[in-house]
Amino acid sequence: MWRTSLKIKEVLETPLQYLHTFRIQYEDKEGKGKKWELVSRGDQDRLEEELQGKRFTDGSMIVAWDETKEHVVLVKDFRVVAGHDVYSFPAGLQDQGESVLEAATREFKEETGLDLHPEGIDQARYTSVGLTNERVNVVYGRFSGEFSTAFQESSERIVPLLVNKEEAQRLLLEEDVTIRTAFILRAFFNLPLYTHTV
């Protein structure tokens, strides 16, 4: 397993290579000066346009089902930040000049080896608005083909899998599942909204 072979050598606070860090200075409703820090995949021009109301998308998450709608495709992906495997729907960033559907189709193929047959798309939504201005579209559709890891990059350790309602319940109880994936699994399979009563 990759987790046991990964050895963290050092954790440093450092300037970032693929993300930009920003501090927004603003006034609250009482006129007091405040600061908000965030990371972004875009540059300062994009952030300023976004603060003026322009909308962007950074990529897509793909929710794909079989012909019977009894299974969906998830990926088990080792995440360095978590230090272990995390389950989610396939997802990825949009390359320059790609449409949302082109990016979704490409990323789905790369991560799973399957072909995506899009049926619908949701508008771009924030992934974690307290931390970043990243937005992604969710693309919905059917899949065909056979699983393959042949299209993955050498740095990726992604395991694609088919999940039915029972397996979704187990994953939500026993494994680390991203919050967006958890919400969609609950809706798709008509599962309870929470795992524990209070």
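Please refer to the structure higher up on the page.
Computed from a predicted structure; not experimentally measured.

A. Expanded view of the environment of Val73. With respect to the element layout, Val73 can be found in strand S4 (residues 72-79). Look at Val73 and you get buried, because its relative accessible area is 0%. Sequence separation between Val73 and Ile184 is 111 residues; the distance between their C-alpha atoms is 12 Å. Excluding its chain neighbours within four sequence positions, the residues that come into contact with Val73 are Ala64, Phe89, Pro90, Phe108, Thr112, Leu114, Phe143, Phe147, Leu161 and Leu162.

B. View of the packing of aromatic side chains. Applying the stated criterion to the full structure yields 2 aromatic pairs. Where Phe188 meets Phe189, the ring centres are 5.0 Å apart and the plane angle is 85 degrees; that geometry is what we call edge-to-face. Looking at Phe188, the relative accessible area reads 24%, which means it is partly exposed. We note Lys69 situated over the ring of Trp65; from NZ or CZ to the ring centre the distance is 4.6 Å. Above the plane of the ring of Tyr126 lies Arg135, whose end atom (NZ or CZ) is 3.9 Å from the centre.

C. Main features of the nonpolar core. In this structure, Val72, Leu74, Phe89, Val163, Val177 and Leu185 are the most contacted members of the largest nonpolar core, which totals 19 residues. The set of elements that each furnish at least two residues to this core consists of strand S3 (59-65), S4, strand S10 (158-163), helix H4 (165-174) and helix H5 (179-188). Contacts of Leu74, omitting those with residues within four sequence positions, involve Ser88, Phe89, Pro90, Val159, Pro160, Leu161, Val163, Leu171, Thr181 and Leu185. By size, the runner-up hydrophobic cluster in this structure holds 10 residues, among which are Ile62, Val100, Ala104 and Phe143.

D. Main features of the layout of surface pockets. Of the pockets and cavities examined, the largest pocket occupies roughly 1900 Å³. If you go around the largest pocket, you meet 45 residues; those closest to its centre are Arg41, Asp77, Arg79, Val81 and Glu134. Taken together, the elements giving at least two residues each to the lining of the largest pocket come down to S3, S4, strand S5 (84-88), strand S6 (91-93), helix H3 (100-112) and H5. For the lining of the largest pocket, the residue count by class is 21 nonpolar, 10 polar and 14 charged. Along the walls of the second largest pocket sit Arg41, Gly42, Arg46, Thr57, Asp58, Leu93, Gln94, Asp95, Gln96, Gly97 and Glu98, which together make up its complete lining.

E. Quick look at unusual backbone geometry. If you check the backbone angles, Lys69 has positive phi at about 60 degrees while not being a glycine. Judged by its relative accessible area of 47%, Lys69 falls in the partly exposed class. Phi angles above zero are rare outside glycine, and Asn190 is one such case at about 55 degrees. Summarising the element assignment, Asn190 is placed in the segment after H5.

F. Inspection of the pattern of salt bridges at higher detail. According to the stated counting rule, one finds 19 salt bridges in the structure shown. For Glu134, the salt bridge identified is with Arg41, shortest N-O distance 2.6 Å. In this pair, Glu134 sits in the loop between strand S8 (125-126) and strand S9 (135-144) while Arg41 sits in the loop between strand S2 (33-40) and helix H2 (44-51), placing the two residues 93 residues apart along the sequence. Judged by its relative accessible area of 14%, Glu134 is buried. With its nearest N and O atoms 3.2 Å apart, the salt bridge here joins Arg106 to Glu110. Here Arg106 pairs with Glu110, and both are found in helix H3, just 4 residues apart, close to one helical turn.

Rules used throughout
Residues numbered from 1 in each chain as written. Predicted model: local features only at pLDDT ≥ 70, side-chain atom pairs only at ≥ 80, totals over all residues. Heavy atoms only, no water. Helix = DSSP H or I, 4+ residues; strand = E, 2+ residues; numbered from the N terminus. Buried < 20%, exposed > 50% of the residue type's maximum accessible area, 1.4 Å probe, protein only. Contact = heavy atoms within 4.5 Å. Phe/Tyr/Trp six-rings, centres within 6.5 Å; stacked < 30°, edge-to-face > 60°. Lys NZ or Arg CZ within 6 Å of the ring centre and 35° of its normal. Core = buried A, V, L, I, M, F, W, Y, C linked by side-chain atoms within 4.5 Å. 1 Å grid on protein atoms, 1.4 Å probe; cavity = no way out; pocket = protein on both sides within 12 Å on 5 of 7 lines; lining within 4 Å. Points joined across faces, edges and corners; volume = space filled by probe spheres on them. Nonpolar A, V, L, I, M, F, W, Y, C, P; charged D, E, K, R; others polar. Salt bridge = Lys/Arg side-chain N within 4 Å of Asp/Glu carboxyl O.

No statement about biological role is implied by the geometric values presented.
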